[in-house]
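Per-entry structural report
Chain by chain, the residues run as shown.
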Amino acid sequence: MKLVWLLYQQRQRSSLEPLQRKSPFSPKMTMFLVEVAKWLVSSAVVVAFCARSSTLFRPSMVMGALFFMSVSPFIGVLLESKEALQRQYHYHYVRLSGVRDDEVWQRLLKIHYAVSLLRLLPIWLPPSIGLMMMFGITGASFVWFGHTMLLLLYVTSHIVRGSTFRAIGAFSAFFFRMASFAIGYVVLAAIVPLLQLSRQAVRMYGLSLSYLVYMDGYVAHWQQLFYERMTSWREGWLFSSTTLSFIGAGFALLALICFSFTRASHSDKTAYMLYSWHQRVIESLKIRSTNNAILYKDLCLLTRQARELTKPPWSLFLPGEWFLVAGANLALLPIVHNGSIILFLFMFEMYIVMTGTLRAITDVFRDIFQFESEMERLTVFRLLSPPPLVPLIEAKWTLLERLGVYPCMTAVGLLLLEYIGLLGMRGGLWAAMGAVVMMPVYSLVVKRILRTDYEVFCLVLASGEQAALTSPRDYAGYMVIAAGNHSFHRLLIYITVFSSLLSAFFMLLKGWSWACYSVLFVLMLYLVLWNSSQYARRT
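Described in the following lines is the structure provided in the data block.

Thresholds, definitions, all that
- Residues numbered from 1 in each chain as written.
- Predicted model: local features only at pLDDT ≥ 70, side-chain atom pairs only at ≥ 80, totals over all residues.
- Heavy atoms only, no water.
- Axes fitted to C-alpha atoms, helices over the stretch in contact; angles between N-to-C directions.
- Helix = DSSP H or I, 4+ residues; strand = E, 2+ residues; numbered from the N terminus.
- Parallel < 35°, antiparallel > 145°, perpendicular 65-115°, else oblique.
- Left-handed = near helix turned anticlockwise from the far one by under 90°.
- Contact = heavy atoms within 4.5 Å.
- Nonpolar A, V, L, I, M, F, W, Y, C, P; charged D, E, K, R; others polar.
- Salt bridge = Lys/Arg side-chain N within 4 Å of Asp/Glu carboxyl O.
- Buried < 20%, exposed > 50% of the residue type's maximum accessible area, 1.4 Å probe, protein only.
- Core = buried A, V, L, I, M, F, W, Y, C linked by side-chain atoms within 4.5 Å.
- Phe/Tyr/Trp six-rings, centres within 6.5 Å; stacked < 30°, edge-to-face > 60°.
- Lys NZ or Arg CZ within 6 Å of the ring centre and 35° of its normal.

**Description of the packing of helix 13 (residues 241-259) against helix 23 (residues 405-438)**
Where helix 13 contacts helix 23, the two axes come as close as 8 Å, and the packing angle between them is 165°. Here helix 13 lies roughly antiparallel to helix 23, going by the angle between them. Crossing hand, helix 13 versus helix 23: right-handed. For the pair helix 13 and helix 23, contact is made by Thr242, Thr243, Phe246, Gly250, Leu253, Leu254 and Ile257 and by Thr410, Leu414, Leu417, Ile420, Gly421 and Leu422, respectively. The residue inventory of the contact of helix 13 with helix 23, partitioned by class, reads eight nonpolar, five polar and no charged.

So this is what it looks like as structure tokens:
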């Protein structure tokens, strides 16, 4: 803290140096008077705005204006270039201390953010206090939400600047995830009002012709409800202080997790550095790789490829499927009160998110998990008699299972935070029970994801073809084999979605019958995944 305070004073003196030359006061007195003037002007603007807002503006406009005033000063902090920060804090001198470059850079980023908070305190604190005074706990939640969002943006901006992937790749990943979030919300926002009207009609008339007449007459009402859900600001989830608090907590947690991914540079000089997430996986598997040469080879590939990720690290922790179900939950969960339904929804969504996270990892490390490195060595595998196919797939299972633990835990944990924010602790407990039930599914999902690429590789290996294939996915019959392998799984997902909607619309299931439905879903899912994971014994 002392270092932060000293750097803060140094920044203030350097910024006031032109004024000091014309000032008749001492440097300390000049800096004091300037700070007092900032506080007085900022406070006067906020007080005047709040005093006149009740007669001139709507409450939502006042809230938005104060929120913007409290977060806008930090936009300049987010846009500061890396080169400017390195010159300002003498990075190239400090890095000679012998500590790793990445650790020095992360320490400087922490100091710079703390110094910026102090420097901009007279600008952002009065609007924040005004927001809390006028709107109480909701205003405080907005302040917390805004500053945790800024912290996350600060961290991610420096991840992009210090990584090997291009900024356009990070932007496209962010854009498509936001699009998935919007699609999930819009689709469920359209379904939920119709669902509520249908359940009301079933209670009144049962499943009869009167039900159809009632629903036909309320189509216009459903359109109005959908419009209100899409345009409502004051009564929606957005103004829930609990929701904002938990979303802010999720932003803060994600910022802390992603901060370890910041790098000082992506030049060749620092290319030897690995993210701690990859380092832990490699260290945990070093001993086991001594008994499996293929696992050792894959670890070496991981060590090389992890240094130069082609996608932002957060895209592995938060795949598009997570944003899709998160957006859907915002429209759906506020009307759910049955604990058994919450249990079923979380288990189903956890499975979708887990599958999407593991698929994102296999797409990034294609040489390892899509058997591209093995396709380059087909001749070597054909010279071996018999080919080591079982050790091969066991090495892939082991590595993907270890590599996917942290991303899956992060995605599921943030999903659980969303449930707590929208449903409270009671809903969070039901969701946590679902997470415990679904934990054993993880290893089965790992095996199912690798199945098609492995079987196509075995087929090409046994065929003796000399065609130049860089990946099993270039094989002519890949899509046919994939469709056959995933047919039961897709059928289960489609039947689950259709039967859930049917049961909800026509109230075919009530109360604890949803718990029986959840048990049936889990049993069928385990059965399908277990059948999909037995392929290694048949090769």
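**Points about the environment of glycine 139**
By the secondary structure assignment, glycine 139 is in helix 9 (residues 121-161). It is 9.4 Å that separates the C-alpha atoms of glycine 139 and leucine 66, two residues lying 73 residues apart in sequence. With sequence-adjacent residues up to four places away left out, glycine 139 is seen in contact with Leu131 and Met132.

**Structural notes on the pattern of salt bridges**
One pass over the structure, following the stated rule, counts seven salt bridges. Among the ionic pairs, aspartate 298 bridges to lysine 297, the shortest N-O distance being 3.0 Å. Taking the relative accessible area as the measure of exposure, lysine 297 reaches 23% and is therefore partly exposed. Linking lysine 396 and aspartate 298 is a salt bridge whose minimum nitrogen-to-oxygen distance equals 3.2 Å. Residue lysine 396 is found in helix 22 (residues 389-403), and its partner aspartate 298 is found in helix 15 (residues 293-305); the two are separated by 98 residues along the sequence. Using a relative accessible area of 0% as the deciding quantity, one classes lysine 396 as buried.

**Section: the nonpolar core**
Core analysis: the largest hydrophobic core is formed by 132 residues, its most contacted members being Trp322, Phe365, Phe369, Leu399, Tyr419 and Phe457. Counting residues per element, this core draws most heavily on helix 18 (residues 339-364), which supplies 16 residues. Counting seven residues, the second-largest nonpolar core is a separate cluster that includes Leu197, Tyr211, Tyr214 and Met507.

**Observations concerning the packing of aromatic side chains**
Scanning the model with the defined rule gives 18 aromatic pairs in all. Residues phenylalanine 344 and tyrosine 517 carry aromatic rings whose centres are separated by 5.1 Å and whose planes lie at 65° to one another, so their mutual orientation is edge-to-face. In this pair, phenylalanine 344 sits in helix 18 while tyrosine 517 sits in helix 27 (residues 513-532), placing the two residues 173 residues apart along the sequence. Across the pair, tyrosine 517 and phenylalanine 344 agree in class, each one buried. Three or more aromatic residues joined by ring pairs make a cluster, and in this case those are Phe344, Phe348, Trp514, Tyr517 and Phe521. One cation-aromatic arrangement involves lysine 396 over phenylalanine 371; the distance from NZ or CZ to the ring centre is 5.1 Å. The ring of tryptophan 397 has lysine 447 sitting right over it, with the charged end atom 4.6 Å from the ring centre.

Bear in mind that shape data such as this cannot, by itself, settle questions of function.
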